Amino acid sequence: MGMKRMADDNLKEFTKEELAQYDGNGVRAYVAIDGIVYDVTKEESWEYGKHYGQLAGRDLSKEIEGTPHGKSILGKLPIVGKLVD
Ligand code: HEM
């Protein structure tokens, strides 16, 4: 287990509304999967917060299932926080 997988308790908390502000348009692009918020800003295929019809600033836990890459892609993305209610 890598460092960034540990100590969830210290992660910045995002509500759904806060996450929605990071839609990649003039701001960073964040995406939540299974309660963890990832930064996709530097991903070319996420330019303007759009990626194969998906939009940043959202919880895409269901949408990522059945994609070509699945959740294996998450390991390369910086973690910036966790999603809270
Ligand atoms: C319906 C949803 C999605 C579809 C159809 C989709 C499809 C694709 C495809 C076709 C690629 C290029 C092939 C590849 O590099 O594997 C790709 C790359 C990528 N996707 Fe997705 N994706 C979806 C959702 C997501 C989500 C939710 C995330 C992040 C949370 C994500 C993160 C990435 C990243 C980081 C890459 C770059 C791969 C690399 O550079 O190795 N994708 N996606």
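Reading the values: rules and limits
- Residues numbered from 1 in each chain as written.
- Predicted model: local features only at pLDDT ≥ 70, side-chain atom pairs only at ≥ 80, totals over all residues.
- Heavy atoms only, no water.
- Helix = DSSP H or I, 4+ residues; strand = E, 2+ residues; numbered from the N terminus.
- Buried < 20%, exposed > 50% of the residue type's maximum accessible area, 1.4 Å probe, protein only.
- Contact = heavy atoms within 4.5 Å.
- Donors = N, O, S within 2.8 Å, 3.2 Å for Na, K, Ca; no water.
- Near = heavy atom within 4 Å.
- Polar contact = N/O pair within 3.5 Å; in protein donor to acceptor, adjacent residues only side chain to side chain.
- Nonpolar A, V, L, I, M, F, W, Y, C, P; charged D, E, K, R; others polar.
- Phe/Tyr/Trp six-rings, centres within 6.5 Å; stacked < 30°, edge-to-face > 60°.
- Lys NZ or Arg CZ within 6 Å of the ring centre and 35° of its normal.

Asker: How would you explain the environment of V40 if you had to name every residue and give the values?
Answerer: Summarising the element assignment, V40 is placed in the loop between β3 (36-39) and β4 (50-51). In this structure V40 comes out as buried when scored by relative accessible area, which is 3%. Along the primary structure V40 and R28 are separated by 12 residues, whereas in three dimensions their C-alpha atoms are 7.9 Å apart. Contact partners of V40, with chain neighbours within four places excluded, come to A29, V31, W46 and L77.

Asker: Outline the coordination of the iron atom of the ligand, supporting the account with residue identities and numerical values.
Answerer: Summarising the metal site, the iron atom of the ligand is bound by the protein donors H51 (NE2) and H69 (NE2), whose distances to it range over 1.9 to 2.0 Å. The class for H51 is buried, based on a relative accessible area of 12%. By relative accessible area, which is 29% here, H69 ends up partly exposed.

Asker: So what's going on with the site of the ligand? Residues and values would help.
Answerer: Taken together, 18 residues sit near the ligand, with H51, Q54, T67, H69 and K76 positioned nearest. A distance of 2.8 Å separates a nitrogen atom of the ligand from a polar atom in the side chain of H51. Between the ligand and K76 there is a distance of 2.7 Å, counted from an oxygen atom to a side-chain nitrogen or oxygen. Counted by class, the shell around the ligand contains 10 nonpolar, five polar and three charged residues.

Asker: Describe the packing of aromatic side chains, and please don't skip the residues or the numbers.
Answerer: As enumerated under the stated definition, the model contains three aromatic pairs in all. Between F14 and Y22, the aromatic rings sit 5.7 Å apart at their centres with planes inclined by 85°, giving edge-to-face as the arrangement. Ring plane angle 20° and centroid distance 4.5 Å describe the contact between Y22 and Y30, whose orientation is recorded as stacked. For Y30, a relative accessible area of 8% gives the class buried. Three or more aromatic residues joined by ring pairs make a cluster, and in this case those are F14, Y22 and Y30. Over the ring of F14 we find K12, and its NZ or CZ is 5.0 Å from the ring centre.

Asker: With reference to specific residues and values, describe unusual backbone geometry.
Answerer: Note: most peptide bonds trans; most residues except glycine with negative phi. Even without being a glycine, D34 presents a positive backbone phi close to 50°. Position of D34 among the secondary structure elements: in the loop between β2 (30-33) and β3. The backbone phi angle of Y52 is positive, close to 45°, even though this residue is not glycine. In this fold, Y52 is placed in the loop between β4 and β5 (54-55). A relative accessible area of 72% places Y52 in the exposed class.

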